[in-house]
Each structure stands twice: as C-alpha cells, then as structure tokens.
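# Coordinate inspection notes
The lines below spell out each chain.
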Amino acid sequence: MWGDPMAVDIEQHDAIKRRLRAKNVRFTDIAAEVGCTASLVTMVSQGHRSHEDVENTISRHLQEPKATLWPSKHFEEAQQ
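Residues numbered from 1 in each chain as written. Predicted model: local features only at pLDDT ≥ 70, side-chain atom pairs only at ≥ 80, totals over all residues. Heavy atoms only, no water.

## Here we look at the overall build of the protein
Rule in force here: Helix numbers and strand numbers start at the N terminus; a helix is a DSSP run of H or I with at least 4 residues, a strand a run of E with at least 2. Whether two residues are in contact is decided by their heavy atoms: any pair within 4.5 Å suffices. Each accessible area is a Shrake-Rupley estimate made with a 1.4 Å probe; only the visible protein chains count as cover when residues are assessed.
Helix and strand counts for the protein stand at six helices and zero strands. Reading the helices (α) and strands (β) of the protein from amino to carboxyl end gives α-α-α-α-α-α. Within the protein, residue pairs in contact and separated by at least 24 positions form 48% of the contacts whose partners lie at least 6 positions apart. Here the protein has roughly 5,000 Å² of accessible surface; of this, 50% comes from carbon and sulfur atoms.

Dropping the structure here:
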C-alpha cells in the first residue's frame, strides 16, 4: 500500500463518510457543491482518484487538513 499513492483505503473512506454524516453532509452534497458526480466524491474519499476541489471541500467540512485525511496522497504536506 505504501508504494501506490492511489491505493484504496476503505477504513479511511468509511471514517470520512461517518464524520461527514455526523455533520449532516452527504457525498451528494459535496458533489453538488463542487459540480461533479457523487461517484467521483466516493473515489476521491477512497483515495482511488485525486480531485483538488473535492479534497478541499471534504477537508473544509471536516475541518481537518488534507494531509491528515489522505496521508499517502499528501505526504509532503504531512511532513511540514
């Protein structure tokens, strides 16, 4: 998993979904806000795809840095 920056992390994805749900935010809400599909939001949350606007929107809703949400994708940011 360390070698693949786009590896799917289902546990992290589930944690993101639960935390968003606790704030009454669904992936469809993120998709509408960004102007993309809910399936893209899912793929980004899983770490399978990158999309800066989706990542930024999830990060903002959870009030947590992207490097914490997806450490394998934002390794440089996590090191700072």
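So that's the structure; there's more coming.
## Here's the deal with the side chain of T57
The line we're drawing: Each residue gets one of three labels from its accessible area relative to the maximum for its type: buried under 20%, exposed over 50%, partly exposed in between, using a 1.4 Å probe on protein chains only. Here a polar contact is taken to be a pair of N or O atoms separated by no more than 3.5 Å, where protein atoms must pair a possible hydrogen donor with a possible acceptor and residues adjacent in sequence count only if both atoms sit in side chains.
Relative to the elements of secondary structure, T57 occurs in helix α4 (residues 52-62). Exposure remark for T57: the relative accessible area of 8% places this residue in the buried category. At a separation of 2.7 Å, a polar atom in the side chain of T57 contacts the main-chain carbonyl oxygen of D53. Apart from residues lying up to four places away in sequence, T57 is in contact with I30, E33 and V34.

## Points about the pattern of salt bridges
Applicable threshold: Any carboxyl oxygen of Asp or Glu that lies within 4 Å of a side-chain nitrogen of Lys or Arg is treated as forming a salt bridge with it.
For the coordinates displayed, the defined rule picks out three salt bridges. Here R60 ties to E33 by a salt bridge, and the two come within 2.0 Å at their closest N and O atoms. In this pair, R60 is assigned in helix α4 and E33 in helix α2 (residues 27-34), connecting sequence segments 27 residues apart. The exposure class assigned to R60 is partly exposed, which follows from its relative accessible area of 47%.

## Concerning the nonpolar core
What tends to happen in soluble globular proteins is that the nonpolar side chains get buried as a cluster. Worth spelling out the cut-off: The criterion is simple. A nonpolar core is a set of buried Ala, Val, Leu, Ile, Met, Phe, Trp, Tyr and Cys residues joined through side-chain atoms within 4.5 Å.
With 15 residues, the main nonpolar core has I16, L20, I30, V41, V54 and I58 as its most contacted residues. Residue assignment for this core shows that the elements contributing at least two residues are α1 (10-22), α2, α3 (38-46) and α4. Looking at which element gives the most residues to this core, the answer is α2, with four residues. When sequence neighbours within four positions are dropped, the list of residues in contact with I58 reads I16, L20, I30, V41, L69 and W70.

## Some thoughts on the confidence of the model for the protein
Rules: For every residue, the predictor states its confidence as a pLDDT score lying anywhere from 0 to 100.
In this model, the protein carries an average pLDDT of 86, and 81% of its residues clear a pLDDT of 70 or more. Confidence, expressed as mean pLDDT per element, reaches its minimum in the protein at helix α6 (residues 75-79) with 49 and its maximum at α2 with 98.

## Looking at the packing of α2 against α3
Operational definition: Lines fitted to C-alpha atoms define the axes here, with helix axes fitted over just the stretch in contact, and angles between the N-to-C directions of these axes take values from 0 to 180 degrees. If an angle is under 35 degrees, it is roughly parallel; if it is over 145, roughly antiparallel; if it lies from 65 to 115, roughly perpendicular; otherwise it is oblique. The classification used treats Ala, Val, Leu, Ile, Met, Phe, Trp, Tyr, Cys and Pro as nonpolar, Asp, Glu, Lys and Arg as charged, and all other residues, Gly among them, as polar.
Put simply, α2 and α3 touch, their axes get as near as 8 Å, and they point 110° apart. For the element pair α2 / α3, the angle class is roughly perpendicular. Facing F27, T28, I30 and A31 of α2, the residues of α3 in contact are A38, V41, T42 and S45. Partitioned by chemical class, the residues of the contact of α2 with α3 number five nonpolar, three polar and no charged.

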